[in-house]
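Here is what each chain is made of, one letter per residue.
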Amino acid sequence: MSKLTSNREEFGKELRQVVVETLNEMIEKDPTVVALEADLGGASGFSKIAKENLINVGIAEANMVGVASGLNLTGFVPYLHTFSPFATRRAFDQLYLSGGYSDTHLNIYGSDPGFTAGVNGGTHTSYEDVALMRMIPNSVICDAADEVQLKFIVQAFKERCGVNYFRANRKAVRKVYQQDSEFELGKGVVLRTGEDVALIASGQLVSQTLDVAEKLATEGIQATVIDMFTVKPIDKELILKTAQEIGKIVTIENHSIYGGLGSSVAEFLAENGKATLKRIGVDERFGQVGTPDFLQKEYGLDMLSIYQKVKEIL
Amino acid sequence: MEKLRDTIRLDVLKTLKTMGYGHLGGALSIVELLAALYGSEMKFDAKNPSWEERDRLVLSKGHAGIALYATLANAGFFPKDWLDTVNVGGTNLPSHPDRLKTAGVDVTTGSLGQGTSIAAGIAYGLKMKKSSAFTYLICGDGELNEGQCWEAFQFIAHNQLDNCLVIIDENKKQLDGRTKDILNPFDIQEKMRAFGFTTQKVDGSDLSSIQKAIHELKQVKNSAIALVLDTTKGQGIPYFEELSDNHSVKFDNEENRLALEKAIEELEVRINEQTNE
């Protein structure tokens, strides 16, 4: 059971710290867990992982994926980190063949997705990582809303063989869940119910989406808010139920509207249900440089922009 | 070992005859190497292909799959009549090796360069587990065009993976022609040395030279090791060695077909003689 935190204004731990602490706890219990880094150990905090279980391959992401596959073939469970564009599009054929096609177990942390790339700019921005990873048969993709959920994802991926990808900011984000919340891979979390519109969000934008719902409530508009943290496999049952009961759905993601959460919902609804759908995300644009706050507004993913777009279908 | 070498070569040719086409050049250039590995060097149990302590083989030049299949069949991993099914829909023997389909295939390969990193990861993992199992990585010289090979070689050298023998089949040709005309590899042995490897280069058509080099390189400690094999594409069959376009050969013309049949006949005679000796 997941429960909303009582203070959503509060920031949690840095997400990179959560990943590192969780991995260190896992390594303590099971030394077959190994972490791989491509020379971003200082940026990810991976340099704080137990030395015997950390492999820094240097700036060579394709090799990192292959090495991880080889490690898995000898019985290890690898967790790989680099920035999300390099973790996905830079090494895609390796993820596809040395990973998916070879049926090896790879857990990949793509950090700083979308606008969170901030001042690293357009070269370091991925608005397409989820789209790419979705194309690998049997992959699992998660976009973490906060630290509590992130910890669950890191742990859950150990038990799920295959190519598993999670994206999350390295820095602290606002809290969404209480510490004792429980999740299930592939199951969306209904955070709030309302009959006028359903807002389906993922990742860091879940928090903003709750703000939008609260703002709408002050105007007498009641919104359902769903945290679809598992983008693949998507929770079809919940989408169908939402379409039937509410009929108006808005998807919200820090990603291109092509190939990510919005696409997944649209594809499913086109064949299985009827609802008015609006996708909020990035449309035919590359990333650029700026602070995350600037970029969030620039790409129309801040609270006010989301609110305005939601109003368009009401 | 000579008999195994000739039998592998014969089975490669018979497989090609059944298929009517195939990657002849680069399959024949590693026949001696595979005979040396499976005939004497490698630790494996064909009845227990996933035996933990087995040595691993990564055929990173996956297009030479039929040579590996002929070898594995002779080593008893699966029945020889499977060789008639290469590339037939639903087969266990696809053109490029697939670890999920074939007993004895440790790593799925085909997208060039990727096997190098996987072999590196296997060798690293075996070290972590303090296993005595050894990893043999076979690359093509054309394959070295791929940048990923050099990423993996740096990793192997940096980590001093002396339990991973990198073997480069220098047959001097790739699909579109001679390697020196497509993308000059220059001196491969020198390059490997510069990357931090302890290296040897021997005649890749000579079984005893290959064996001796492998023995010596396996004695090296705390350094990556590489063996460059001086080979010929189409090795062992003069007609196909001389055929200019011999990466993948079709047997839809009289000349190629007759040459193939003649080579099969000669090998059969030779193997019979070896059996009677």
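Residues numbered from 1 in each chain as written. Chains lettered and ligands numbered in written order. Predicted model: local features only at pLDDT ≥ 70, side-chain atom pairs only at ≥ 80, totals over all residues. Heavy atoms only, no water.

**Student:** Sorry if this is basic, but what is going on with the overall build of chain B here?
**Tutor:** Counting secondary structure elements, chain B contains eleven helices and nine strands. The C-alpha radius of gyration of chain B comes to 18 Å, within 12% of the 19 Å expected for a compact globule of 277 residues. Projected onto the principal axes, the alpha-carbon positions of chain B cover approximately 50 × 45 × 40 Å. Summed over all atoms, the accessible surface of chain B reaches about 11200 Å², with 47% contributed by carbon and sulfur. In chain B, the 31 positive side-chain charges and the 40 negative ones have mean positions that sit 4 Å from each other. (Helix = DSSP H or I, 4+ residues; strand = E, 2+ residues; numbered from the N terminus. Rg over C-alpha atoms; globule rule 2.2 N^0.38 Å. Areas by Shrake-Rupley, 256 points an atom, 1.4 Å probe, with all protein chains shown as cover. Lys, Arg positive; Asp, Glu negative; His and termini not counted. Charge placed at Lys NZ, Arg CZ, Asp CG, Glu CD.)

**Student:** Can you walk me through the UniProt feature "domain: Transketolase N-terminal" (unreviewed entry) in chain B in this structure?
**Tutor:** Feature annotation in UniProt places "domain: Transketolase N-terminal" (unreviewed entry) on residues 4–256 of chain B, given in this structure's numbering. Along residues 4–256 of chain B the backbone is 40% helical and 15% strand, and the end-to-end C-alpha distance reaches 25 Å. (UniProt positions renumbered as here; feature names shortened; annotations may be inferred.)

**Student:** Teacher, can you tell me more about the UniProt feature "transmembrane region" (unreviewed entry) in chain B here?
**Tutor:** Within the UniProt annotation, "transmembrane region" (unreviewed entry) is assigned to residues 20–39 of chain B. Taken as a whole, residues 20–39 of chain B contains 70% helix and 10% strand, while its terminal C-alpha atoms sit 28 Å from one another.

**Student:** Help me understand the UniProt feature "domain: Transketolase-like pyrimidine-binding" (unreviewed entry) in chain A in this model?
**Tutor:** UniProt annotation of "domain: Transketolase-like pyrimidine-binding" (unreviewed entry) refers to residues 13–175 of chain A when read in the numbering used here. When the span residues 13–175 of chain A is considered, its composition is 40% helix and 22% strand, and the gap between its end C-alpha atoms is 9 Å.

**Student:** Looking at this structure, I do not really get the pairing of strand S10 (residues 197–201) of chain A. What am I missing?
**Tutor:** A regular strand places its side chains so that they alternate between the two faces of the sheet. Residue and element names in this part refer to chain A. The buried fraction of S10 is high, at five of five residues. Here S10 shows two buried faces, one formed by Val 197, Leu 199 and Ala 201 and the other by Ala 198 and Ile 200. Two strands pair when backbone bridges link them, and S10 and strand S11 (residues 223–227) are joined in this way by five bridges, in the parallel orientation. Among the inter-strand pairings, Ile 200 is bridged to a residue of S11, identified as Ile 226. Note that the unit made of S10, helix H8 (residues 205–218) and S11 has a crossover that is right-handed. Strand direction decides the pairing type here: S10 and strand S13 (residues 248–256), joined by four bridges, are parallel. For Leu 199, the partnering residue across the bridge sits in S13 and is Val 250. (Buried < 20%, exposed > 50% of the residue type's maximum accessible area, 1.4 Å probe, protein only. Pairing = 2+ DSSP bridges. Right-handed = clockwise from strand over helix to strand, strands pointing away.)

**Student:** Help me understand the nonpolar core in this model?
**Tutor:** What tends to happen in soluble globular proteins is that the nonpolar side chains get buried as a cluster. One finds Leu36(A), Ile108(A), Phe153(B), Ile156(B), Val166(B), Met192(B) and Phe197(B) to be the most contacted residues of the largest nonpolar core, which totals 67 residues. Sorting elements by how many residues they give to this core places helix H5 (residues 114–128) of chain B first, with seven residues. Formed jointly, this core draws a minimum of three residues from each of two domains, domain 1 (11–174) and domain 2 (189–313) of chain A. (Core = buried A, V, L, I, M, F, W, Y, C linked by side-chain atoms within 4.5 Å. Domains from an automatic or database assignment.)

**Student:** What is the right way to read unusual backbone geometry from this model?
**Tutor:** Glycine aside, residues mostly have negative phi angles, and peptide bonds mostly take the trans form. The amide bond that connects Lys232(A) to the next residue, Pro233(A), takes the cis arrangement and shows omega of -10°. Tracing the chain through its elements places Pro233(A) in the loop between strand S12 (230–232) and helix H9 (236–245). Of note, the phi angle at Asp39(A) is positive, near 65°, even though the residue is not glycine. Considering the arrangement of structural elements, one finds Asp39(A) in the loop between strand S2 (33–37) and helix H2 (41–44). Owing to a relative accessible area of 45%, Asp39(A) belongs among the partly exposed residues under this scheme. A positive phi is found at Lys130(B), a non-glycine position, where the angle reads about 55°.

**Student:** What's the story with the side chain of Asp106(B) in this structure? I'm lost.
**Tutor:** Examined against the element boundaries, Asp106(B) turns out to sit in the loop between helix H4 (65–74) and H5. Separated by 2.9 Å, the side chains of Asp106(B) and Arg54(B) make a polar contact. Among the polar contacts made by the side chain of Asp106(B), one reaches the main-chain amide nitrogen of Leu57(B) at a distance of 3.2 Å. Beyond its immediate chain neighbours, meaning those up to four positions away, Asp106(B) contacts Leu73(A), Arg54(B), Asp55(B), Arg56(B), Leu57(B) and Arg99(B). (Polar contact = N/O pair within 3.5 Å; in protein donor to acceptor, adjacent residues only side chain to side chain. Contact = heavy atoms within 4.5 Å.)

**Student:** Explain the packing of aromatic side chains to me, please; I cannot follow it from the model alone.
**Tutor:** In this description, an aromatic ring pair is defined by two values, namely the gap between the centres and the angle between the planes. Residues and elements named next belong to chain A. Counted by the stated rule, this structure contains 19 aromatic pairs over all chains. When the centroid spacing of 4.9 Å and the interplanar angle of 10° are considered together, the rings of Tyr 109 and Phe 166 count as stacked. Residue Tyr 109 is located in strand S5 (residues 106–111), and its partner Phe 166 is located in strand S7 (residues 163–168); the two are separated by 57 residues in the primary sequence. Relative to Phe 229, the ring of Phe 152 has its centre 6.1 Å away and its plane inclined at 80°; by these criteria the two rings are edge-to-face. (Phe/Tyr/Trp six-rings, centres within 6.5 Å; stacked < 30°, edge-to-face > 60°.)

**Student:** Mind showing me how you'd approach the pattern of salt bridges here?
**Tutor:** Two side chains of opposite charge can pair, provided their charged atoms sit close to one another. Residues and elements named next belong to chain A. All chains considered together, the criterion is met by 39 salt bridges over all chains. Residue Asp 112 is joined to Arg 170 by a salt bridge in which the shortest nitrogen-to-oxygen separation is 2.9 Å. Of this pair, Asp 112 sits in the loop between S5 and helix H6 (129–134) while Arg 170 sits in the loop between S7 and strand S8 (172–174), and the two are 58 residues apart along the sequence. With relative accessibility at 4%, the residue Asp 112 sits in the buried group. Overlapping salt bridges, with partners in common, bring together Arg 8, Glu 9, Arg 174, Asp 211 and Glu 214 in one network. (Salt bridge = Lys/Arg side-chain N within 4 Å of Asp/Glu carboxyl O.)

**Student:** What exactly am I supposed to notice about the sheet that holds S5(A) here?
**Tutor:** Whether parallel or antiparallel, the strands of a sheet pair through hydrogen bonds between backbone atoms. Residue and element names in this part refer to chain A. The sheet built from seven strands is open, its strands ordered S3-S2-S4-S5-S7-S6-S12 with mixed pairing. Bordering the open sheet on either side are strand S3 (54–56) and S12, each of which pairs with just one other strand. Going from strand to strand, the sheet's axes swing by 20° on average, the running direction of each strand aside. Pairing between strand S6 (residues 140–143) and S7: four bridges, direction parallel. Note on S7: the bridge partner recorded for Asp 143 is Arg 167. (Axes fitted to C-alpha atoms, helices over the stretch in contact; angles between N-to-C directions.)

**Student:** Whenever I open this one, the environment of Glu253(A) confuses me. Can you help?
**Tutor:** All names here are of chain A. Relative to the elements of secondary structure, Glu 253 occurs in strand S13. Separated by 50 residues in the primary sequence, Glu 253 and Gly 203 have C-alpha atoms spaced 7.2 Å apart. Other than its neighbours up to four places away in sequence, Glu 253 contacts Ser 202, Leu 205, Gly 260, Leu 261, Gly 262, Ile 280, Gly 281 and Leu 301. A polar contact is formed between the side chain of Glu 253 and the backbone nitrogen of Gly 262, at a distance of 2.8 Å.

**Student:** Could you clarify how one ought to interpret the confidence of the model for chain B in this entry?
**Tutor:** The predicted coordinates should not be examined in detail at positions where pLDDT is low. With 100% of its residues at a pLDDT of 70 or more, chain B has an overall mean of 97. Scored as a complex, the prediction yields pTM 0.97 and ipTM 0.96. (pLDDT = per-residue confidence, 0-100.)

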